[in-house]
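Each chain, letter by letter, is given below.
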Amino acid sequence: MDFRPQSSRQGSVVPYTIIEGPDAWTASDFPVLEDHMLHLTPTHVAELDAAVEAVLSSGKRLQDIDFADFTLPTLSDPLLEAGQEAQFGRGWALVRGVPVWRYSRQQQLAAYWILGLHWGRAVPQNAKGHLIGHIKDIGHDPKNPLTRLYATNAAQPWHNDGPADLVSLLCLSDAEEGGDSGWSSSISVHNEILRRAPHLAAVLAGPWFFDRKTEVPEGKKPFFEIPVFNYHKGYLSVNYSDNYYHLSQRHAEVPKLTAEHHEAMRLFNELASGPELSLRMVLRTGDVQLLSNHTCLHYRGAFRDSPAHTRHLLRLWLSPPNDRPLPECYAEIMAGSVAPGKRGGIIIQGATPNIPEEAE
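Quick caveat, the model's predicted, so the values are computed rather than measured.

Caption draft 1: Highlighting the overall build of the chain. Looking only at helices and strands, one finds seven helices and 19 strands in the chain. Dimensions of the chain along its principal axes, counting C-alpha atoms only, are 60 × 40 × 40 Å. Here the chain holds 360 residues, and 57% of them are scored as buried. For the chain, contacts bridging at least 24 residues in sequence account for 78% of all contacts bridging at least 6. Working note: accessible area of the chain is about 14600 Å², and carbon and sulfur atoms make up 52% of it.

Quick look at the structure:
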């Protein structure tokens, strides 16, 4: 594979070229993160309070709530703009000031659902059908390779959440120590690999096998094939999670990872985690993070809880109606469809979509 030094942009990407544009950012572009947040004003908060009350008094199940059930006269537009920034701009947005500290659990869930409606359709996140997930240490063993690490206090390596176009977190409470949140541009990682080791770009655009960690849809194998670098209809979409590649090796049908695969993962992780390409913060109570799974990677540091400080976040996986085209291989990770607005989630036979009040 010959490295092509010319550049291109999303919407007209030429494979194996440097991609320019807002999603190819570096840490130096954002020296003060607070300058790039949507800070909720007292007016915004009053509107959200009223919307939460309207939703909870509607008599509807939360998952049946839509825009007809509430109004946010001055907040809706900034929320929609945040979603556009995550989808079509730099790939991420931050919101500060959701008053979760004075909300009941039902109010917290309702407020988050209201925010999420501005960004897409919520899709199930696990075999239990959870539409809002709880990111909390509930004692699962992080050393068990089948454990999904969000239910532990262990560090989560750099990855994206493949089964959704967007992923969001709302911080309800933080840990006694640790638990920092990091994210980086997978587009900038791609560019740096082209500059430093262009032969590995071809490896990353080739076959990689992804384990389903026992969450296997009916009629499917417990693993599937999807590249890391996906060039399709003028877009680069990146799907990466190295622990799922390693776990897939337990299946006899999966080809063994080669020396080049391991070299590519080492460089990918080094670039994603480096200070030049990554942003980090500890999410405060009431902070919301929104990321594109196609152009951003994220990471969670290990943490320690105490009786006074227990880390607890809510999570949404979201399918907007108008996201980018994806190649057919994404149907394996997007619940059988690549159609914008219809794709996404983990769909297991017999699992009814639901919104739990506590971590399970």
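Caption draft 2: Structural detail: the pattern of salt bridges. With the rule as written, the count across this model stands at 21 salt bridges. In this structure, the salt-bridge partner of Arg212 is Glu332, at a minimum N-O distance of 2.5 Å. Taken together, the residues Arg212 in the loop between strand 11 (209-211) and strand 12 (223-225) and Glu332 in the segment after strand 19 (312-319) connect sequence positions 120 residues apart. Look at Arg212 and you get buried, because its relative accessible area is 8%.

Caption draft 3: Looking closely at the nonpolar core. Formed by 42 residues in total, the largest nonpolar core has its most connected members in Val189, Ile193, Leu204, Trp208, Val228, Phe229 and Phe268. Of all elements in the fold, only strand 2 (17-20), helix 4 (186-196), helix 5 (198-204), strand 14 (235-238), helix 6 (242-248), helix 7 (259-273) and strand 17 (296-300) reach the threshold of two or more residues within this core. Residue contributions to this core peak at six residues, all from helix 7. Contact partners of Val228, with chain neighbours within four places excluded, come to Leu204, Trp208, Ser237, Val238, Asn239, Tyr240, Tyr245 and Phe268. Counting residues in each nonpolar core, the second largest holds 41 residues, with Tyr112, Ile132, Leu316 and Leu318 among its members.

Caption draft 4: Layout of the UniProt feature "domain: TauD/TfdA-like" (unreviewed entry) in the chain. In this structure's numbering, the residues bearing the UniProt feature "domain: TauD/TfdA-like" (unreviewed entry) are residues 66-317. Helix makes up 26% of residues 66-317 and strand 26%, with an end-to-end C-alpha separation of 17 Å.

Caption draft 5: Just helix 7, in detail. An ideal rise of 1.5 Å per residue puts 21 Å on 15 residues; helix 7 measures up with 21 Å between its terminal C-alpha atoms. Of all the positions in helix 7, only His261, Ala264, Met265, Leu267, Phe268, Leu271 and Ala272 are classed as buried.

Caption draft 6: Up close: the environment of His130. Checked against the element boundaries, His130 lands in the loop between strand 5 (121-122) and strand 6 (133-136). Residue contacts for His130: discarding those within four places in its chain leaves Val123, Pro124, Gln125, Asn354, Pro356 and Glu360. Within polar-contact distance, the side chain of His130 engages the side chain of Glu360 at 2.9 Å.

Caption draft 7: Here's a closer look at the packing of helix 4 against helix 7. Where helix 4 meets helix 7, the closest approach of the two axes is 10 Å, and the angle between their N-to-C directions is 125°. In terms of orientation, helix 4 lies oblique with respect to helix 7. Judged by the twist between their axes, the crossing of helix 4 over helix 7 is right-handed. Taking contact as the criterion, the partners of Val189, Glu192, Ile193 and Arg196 in helix 4 are, on helix 7, Leu267, Phe268, Glu270, Leu271 and Ala272. Partitioned by chemical class, the residues of the contact of helix 4 with helix 7 number six nonpolar, no polar and three charged.

Caption draft 8: How the structure looks around the pairing of strand 13 (residues 229-232). Sheet topology note: the strand 13/strand 14 ladder contains four bridges and is antiparallel. Pairing of Phe229 across the sheet is with Val238, part of strand 14. Hairpin connection, strand 13 to strand 14: the antiparallel pair is bridged by two residues, and Lys233 has positive phi, about 50°.

Caption draft 9: Broad picture of unusual backbone geometry. We note that Tyr16 has phi near 65°; this positive angle belongs to a residue other than glycine. Relative to the helices and strands, Tyr16 resides in the loop between strand 1 (4-9) and strand 2. Residue Thr214 is not a glycine yet carries a positive backbone phi of 70°. Summarising the element assignment, Thr214 is placed in the loop between strand 11 and strand 12.

About the criteria used
Residues numbered from 1 in each chain as written. Predicted model: local features only at pLDDT ≥ 70, side-chain atom pairs only at ≥ 80, totals over all residues. Heavy atoms only, no water. Helix = DSSP H or I, 4+ residues; strand = E, 2+ residues; numbered from the N terminus. Buried < 20%, exposed > 50% of the residue type's maximum accessible area, 1.4 Å probe, protein only. Contact = heavy atoms within 4.5 Å. Areas by Shrake-Rupley, 256 points an atom, 1.4 Å probe, with all protein chains shown as cover. Salt bridge = Lys/Arg side-chain N within 4 Å of Asp/Glu carboxyl O. Core = buried A, V, L, I, M, F, W, Y, C linked by side-chain atoms within 4.5 Å. UniProt positions renumbered as here; feature names shortened; annotations may be inferred. Expected span 1.5 Å × (residues − 1). Polar contact = N/O pair within 3.5 Å; in protein donor to acceptor, adjacent residues only side chain to side chain. Axes fitted to C-alpha atoms, helices over the stretch in contact; angles between N-to-C directions. Parallel < 35°, antiparallel > 145°, perpendicular 65-115°, else oblique. Left-handed = near helix turned anticlockwise from the far one by under 90°. Nonpolar A, V, L, I, M, F, W, Y, C, P; charged D, E, K, R; others polar. Pairing = 2+ DSSP bridges.

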